[in-house]
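Coordinate analysis (summary)
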Amino acid sequence: MKSNKNIIGVDAVNKALEILNCFTEKNESLSITKIANITGDHKSRISRISKSLENFGYIRKIRNGEFKIGHSISRLYEIYDSSFNFKNSIKSELDLISAKTNETASFFVKQKESRICIQTSEPNKIIKHSIQIGTKKPLNKGSSGHILSSYNDLQIENKETILKQGYSMSFGERDREIASISVPIFRTKKQFLGALTITGHISNFNKKNCLNFLNILRSSKIKIEKKLDKIQ
């Protein structure tokens with residue numbers, strides 16, 4: 001892992017983060033020599049920066065003199081888990097949406113140039129739309145893609161209408177037999193998080209059902225955002 005001189009920032013901080021990135025599942029413990037080999041830097045410099053990381057609890061020295069990840073990483077993950085990784089805050093609501101609509105309820109977020117489902121709840125019926133958590137899908141298609149693109153200020157058809165109405169509907173766009181409806185979820189009024197979505201067979205998305213589905217999504221949106229406000 002050679003240093004990238006094009007990286008902008010404070011050199012010592014960049015190197016400290018580079019050291020942390022050396023730790024993987026296969027490399028749970030590393031010596032100064034090993035870290036120096038991975039980063040391509042001098043042992044003396046690695047030793048100095050590692051001491052700073054150790055002082056703040058980001059790495060810890062074990063009996064054989066090697067280093068492992070420290071407790072501060074766990075603390076940061078706990079903060080991340082309770083703030084961004086808000087699955088517990090929306091899972092119960094997805095279950096409720098699915099029970100009310102008898103369709104699949106999901107939550108999508110933007111990941112680089114794609115959208116992924118990070119939580120879902122499926123109805124108890126044979127014919128249903130199944131969404132695998134973590135699968136990448138296009139940002140420019142599907143109601144959740146429309147929402148994610150619009151609220152991330154990406155170029156997409158009907159963006160202004162979507163932003164004005166606060167929802168998007170998609171009928172047979174990716175699959176002629178699938179329809180979906182999505183609304184945006186915010187952590188605060190300014191922090192957009194993702195798209196709350198109902199997906200199912202297009203035959204179930206008539207005008208009456210679509211209005212009902214939208215009202216259910218809007219109701220759940222209010223409850224989810226209130227839950228998220230409490231874990232600020």
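Residues numbered from 1 in each chain as written. Predicted model: local features only at pLDDT ≥ 70, side-chain atom pairs only at ≥ 80, totals over all residues. Heavy atoms only, no water.

**Some thoughts on the environment of Ala-195**
Note the following rule: Comment: elements are numbered from the N terminus, with helices defined as DSSP H or I runs of at least four residues and strands as E runs of at least two. Whether two residues are in contact is decided by their heavy atoms, any of which lying within 4.5 Å being enough.
Along the chain, Ala-195 falls in strand β8 (residues 192-201). Ala-195 sits 26 residues away from Lys-221 along the chain, and the two C-alpha atoms are 9.7 Å apart. If near-sequence neighbours (up to four positions away) are discounted, Ala-195 is found in contact with Ser-106, Phe-107, Phe-108, Ser-144, Ile-147, Leu-148, Ser-182 and Val-183.

**Section: unusual backbone geometry**
Unusually for a residue other than glycine, Lys-112 sits at a positive phi of about 55°. Mapping Lys-112 onto the fold places it in the loop between β3 (104-111) and β4 (114-121). In the Ramachandran plot, Asn-158 falls in the positive-phi region, its phi being about 65° despite a non-glycine side chain.

**Some thoughts on the pattern of salt bridges**
Cut-off, in case you're wondering: Salt bridges, as used here, are contacts in which a Lys or Arg side-chain nitrogen is within 4 Å of a carboxyl oxygen on Asp or Glu. Accessibility here uses a 1.4 Å probe with only protein chains present; expressed as a share of the type maximum, an area under 20% marks a residue as buried, one over 50% as exposed, and anything in between as partly exposed.
Taken as a whole and judged by the stated rule, the model has 11 salt bridges. Asp-41 is paired through a salt bridge with Arg-45; the nearest N and O atoms lie 2.7 Å apart. For the pair Asp-41 and Arg-45, a shared accessibility class is recorded, and that class is buried. Of the charged contacts in the structure, one is a salt bridge between Glu-103 and Lys-125, with a shortest N-O distance of 3.5 Å. Highlighted residues: Glu-103 in the loop between α5 (87-101) and β3 and Lys-125 in the loop between β4 and β5 (136-138), separated in sequence by 22 residues. The class of Glu-103 is buried, set by a relative accessible area of 4%. Linked by salt bridges that have partners in common, Asp-11, Lys-15, Glu-18, Asp-41 and Arg-45 make up one network.

**Considering the packing of helix α2 (residues 32-39) against helix α3 (residues 43-55)**
Each pair of packed helices gets described by two things: the angle between the helix axes and the distance between those axes. Using the following cut-off: Note on geometry: axes are C-alpha line fits, over the in-contact stretch for helices, and angles between N-to-C directions span 0 to 180 degrees. Relative orientations are named as follows: roughly parallel for angles under 35 degrees, roughly antiparallel for angles over 145 degrees, roughly perpendicular for angles from 65 to 115 degrees, and oblique for any other angle. Crossing handedness is defined as follows: a turn of the near helix away from the far one that is anticlockwise and smaller than a right angle gives a left-handed crossing, while the clockwise case is right-handed. When residues are sorted by character, Ala, Val, Leu, Ile, Met, Phe, Trp, Tyr, Cys and Pro go into the nonpolar class, Asp, Glu, Lys and Arg into the charged class, and all the rest, Gly among them, into the polar class.
Where α2 meets α3, the closest approach of the two axes is 9 Å, and the angle between their N-to-C directions is 110°. It follows from the interaxial angle that α2 and α3 lie roughly perpendicular. As for how α2 packs across α3, the hand of that crossing is right-handed. Residues Ile-32, Thr-33, Ile-35, Ala-36 and Thr-39 of α2 lie in contact with α3, whose contacting residues are Lys-43, Ile-46, Ser-47 and Ser-50. For the contact of α2 with α3, the class distribution of residues is four nonpolar, four polar and one charged.

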